[in-house]
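# Structural description and commentary
These are the residues of each chain, in order.
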Amino acid sequence: MIAELSADNVQRREFWAQLCPEMSIETGGPGPSIAVGELDTQLANLKREGYVQVPDAFPEAAIAPIRRTVSTLFRQGIPLPFAFVYDELWLAFQGLSEFLAGVLGQGYQALPDFWVWHVNPSDNAVGWGPHRDKLVNTLDDDNSPRTLTVWLPFTDATPLNGCMYMLPAHLDDRFVERRWDGPDNTLVRNLQDIRALPATAGTMFAWNQAVLHWGGRGSRLGAAPRISAAFEFQRADCAPYNSPLLEPGRTPTFTERLGLIGKQVLQYRHMYPLTGDVEAVATLLAQRYMPEVAASAGVGAPI
């Protein structure tokens, strides 16, 4: 971690503006134009396969600045969720509003759950291991999702830099049993059922939160890192799966983003062991800018 990532600097707009001058913070502007194809087809695939993959959904002009920003944070040793301090990541996911409303219904909400990855083409680099995003039932009887994860690769994702792998829902006995937890919830009985999902930069993935998936291991044979981000959403007619729920069409203020970023670092620390400095900064942000949530999570009193 670089010395500049101090509790003082992370709260200064100037720090972030100087770090990535091509990016914006609270300057508004339209989001990218997104093409996701025929909604009926996507819904049918979501119910059967558990996921959809839409190539070329995002134009290169929309994803290139994000790609460069994540690369900068990675080189500087700054936790990658801080990319969400910039408008461009929020606008990218807002551009999917028509698709998300079609799947989850009008009034859908954004969950306070997001992350960013930079997986090097290296034998030592891996994405997140096999998991299901939620271990409670998040599906209707016909597999219509009550919650949805959207994952966006900003570089080409290949088997040599940790592309996504999926056990399709119709090949997973648990979708018949409606059982998502338990010690064997990541067991794949037939390895040939696993589906590798390489993708070009600008592809949109969306999957229900019961499907088994993971990021692969990188390789020294890869040509470039896998840079990506994910955000989670839920239907409006369900009780919150996490709090605070966010209005998906409203871009949070700078300080709200800091609180949310602190929350991400802390709630996903089981995936990434934290250094003391990073945990201290994240705790401060959660306490200062999301005090009610921080207190309910046992983070401590506001400071």
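Under the annotation held in an unreviewed UniProt entry, the protein carries the name Phytanoyl-CoA dioxygenase and is attributed to Mycolicibacter engbaekii.

### Observations regarding the pattern of salt bridges
For the structure shown, the criterion picks out 18 salt bridges. Note that aspartate 87 is salt-bridged to arginine 257, the shortest N-O span being 2.7 Å. Placement of the pair is aspartate 87 in helix α4 (residues 87-94) and arginine 257 in helix α7 (residues 254-267), with a sequence separation of 170 residues. Accessibility expressed as a relative area gives 2% for aspartate 87, which makes it buried. Linking aspartate 140 and arginine 146 is a salt bridge whose minimum nitrogen-to-oxygen distance equals 3.0 Å. A cluster of three or more residues bridged by salt bridges with shared partners is formed by Asp140, Arg146, Arg235 and Asp237.

### With respect to empty space enclosed by the protein
Tallied over the entire structure, the rule returns 2 cavities of 30 Å³ or more. Looking at the largest cavity, it is lined by 13 residues, and the ones nearest its centre are Trp90, Gln94, Ala110, Phe233 and Pro248. Elements with a contribution of two residues or more to the lining of the largest cavity: α4 and β8 (226-234). With 3 residues, α4 is the largest single contributor of residues to the lining of the largest cavity. Of the residues in the lining of the largest cavity, the class split is 10 nonpolar, 1 polar and 2 charged. Space inside the second largest cavity adds up to approximately 30 Å³. Lining the second largest cavity we find Leu5, Pro79, Phe82, Val265, Val278, Val281 and Ala282. Looking at the lining of the second largest cavity element by element, the count peaks at 3 residues for helix α8 (residues 276-289). Tallied by class, the residues present in the lining of the second largest cavity amount to 7 nonpolar, no polar and no charged.

### Quick look at the environment of tyrosine 272
Inspection of the secondary structure assignment puts tyrosine 272 in the loop between α7 and α8. On a C-alpha basis, the gap between tyrosine 272 and arginine 48 in space is 32 Å, while along the polypeptide they are 224 residues apart.

### Notes on the environment of leucine 187
With respect to the helices and strands, the residue leucine 187 is situated in the loop between α6 (174-177) and β5 (195-197). Placed 56 residues apart in sequence, leucine 187 and histidine 131 show a C-alpha to C-alpha distance of 9.9 Å.

Rules behind the numbers
Residues numbered from 1 in each chain as written. Predicted model: local features only at pLDDT ≥ 70, side-chain atom pairs only at ≥ 80, totals over all residues. Heavy atoms only, no water. Salt bridge = Lys/Arg side-chain N within 4 Å of Asp/Glu carboxyl O. Helix = DSSP H or I, 4+ residues; strand = E, 2+ residues; numbered from the N terminus. Buried < 20%, exposed > 50% of the residue type's maximum accessible area, 1.4 Å probe, protein only. 1 Å grid on protein atoms, 1.4 Å probe; cavity = no way out; pocket = protein on both sides within 12 Å on 5 of 7 lines; lining within 4 Å. Points joined across faces, edges and corners; volume = space filled by probe spheres on them. Nonpolar A, V, L, I, M, F, W, Y, C, P; charged D, E, K, R; others polar.

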